Each structure stands twice: as structure tokens, then as C-alpha cells.
Amino acid sequence: FVIHTQGQHQAFKNTMYAALLLKDAVVDDFRERLGSRPSISKTNANVHLHLSLQKKQVVISVDLTGHSLHQRGYRKHNVVAPIKVKLAAALLYKSKWPEIAEKGGSFVDLFSGSGTFVIEAALMAKNVAPGLFREDFALRNLNNFDLAHWTEIREKAKRAVIDKVSNQFVACDIDGK
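Conventions we followed
- Residues numbered from 1 in each chain as written.
- Predicted model: local features only at pLDDT ≥ 70, side-chain atom pairs only at ≥ 80, totals over all residues.
- Heavy atoms only, no water.
- Pairing = 2+ DSSP bridges.
- Helix = DSSP H or I, 4+ residues; strand = E, 2+ residues; numbered from the N terminus.
- Buried < 20%, exposed > 50% of the residue type's maximum accessible area, 1.4 Å probe, protein only.
- Axes fitted to C-alpha atoms, helices over the stretch in contact; angles between N-to-C directions.

Student: Any chance you could explain the pairing of strand E3 (residues 58–63) here in plain terms?
Tutor: Strand residues, when the strand is regular, have side chains that alternate between the two faces of the sheet. Relative to E3, strand E2 (residues 48–53) runs antiparallel, the two being bridged by six bridges. Considered in E3, the bridge of Leu51 is made with Ile60. Taking the residues between adjacent antiparallel strands as the criterion, E2 and E3 are bridged by four residues.

Student: How should the environment of Val85 be read in this particular structure?
Tutor: Tracing the sequence through the fold places Val85 in helix H2 (residues 85–94). In this structure Val85 comes out as buried when scored by relative accessible area, which is 8%. Considered as a pair, Val85 and Leu53 are 32 residues apart in the sequence and their alpha carbons are 27 Å apart.

Student: What is the right way to read the sheet that holds E2 from this model?
Tutor: Strand pairing in a sheet relies on backbone hydrogen bonds. The paired strands run either parallel or antiparallel. Read across the sheet, three strands follow the order E1-E2-E3 without closing on themselves; strand pairing throughout is mixed. In the strand order of this sheet, the two ends are held by strand E1 (2–7) and E3, each with one partner. The sheet shows a mean angle of 20 degrees between the axes of neighbouring strands, taken without regard to direction. Pairing analysis gives six bridges linking E1 to E2, with the strands arranged parallel. Looking across to E2, one finds that Val2 is bridged to His48.

Okay, structure coming up:
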């Protein structure tokens, strides 16, 4: 496992110290209950814990995705994009694009850059669930992970994808890449 820490709290002068306390507590609990200690890996962890230090509270959570949700899984190569995928998706939802798409509306992006907006717009029009192309969700590493239920949910999401849409999508940019 790995621990990611953010924020500030009056009880901790250093976030690394707070993370160390949480790591020790997790390791001690495993050792007490199971007789062995889990390994810690900052680069290849199966379980990601988040420690959020806030003014009057400390929040510990388990990251069920493992990677940021903006990594949708449809790009073969990393590209530098001027806008994050999740922000583009949020703007499309705020502008009511899913409703426009459902009515057959078209999408035009004259300054598409890396194509983030047009790709997200097309995925929304086809009713593709975010992350449907990904397989590497961290929740699969948890002991109580229910593979049958996970498979059922993913299959339902795949069946909900619209094969053909009548929408037209136009994207262009001065940079051919």
C-alpha cells in the first residue's frame, strides 16, 4: 500500500509525520490480526490510502480507482492537453451537452488541440461510461472485491453504449499532431 497526504492540521507540523503514523497503525493492525506485515510501495502499490488533514479533522479514505479518473483509457500515448479531461466533461455536462446530443445535436470544436472536448462529447453521445476502457481499478485488489458483481456492472455499462449515433463531430486545430 501507499499513503498520499494533503492539507494541514494543528496536530501535525509535517504531513510526512502524519503519513508515518498512519502507516505504522496499518502495519501494526495487519501484524496483530494476520501475523504478517503488508509491504509498502510508493511506485507499484495495490492499495492507495489518502490522508486528508483538515482544520479540525483528519479524514482517511481508500482510493478505489488507483489512477486518476481523468485517465480514461482511450489514449494510446500521453499528450499534453490544455484542459483536463474531468474539467472538459464537467463543462460539457454544465452546458447540457448530453441532452443536446440525445436530440441529435452536433458538436464543433474549432480549436481542438488534443481533442479532449470532442472525444468526451462523442463518448457522452454514445453513452460510454467514464473508465469503461480501463481494467486497472485499485478496488480489484481489495480482499472483499466481488468479481461477479463488478463484471455484471461493467457488462450493463457496455450494453448501454449506443452503437451508432446521428450526431456529427467536427474538430480541427492548426497543429496536426
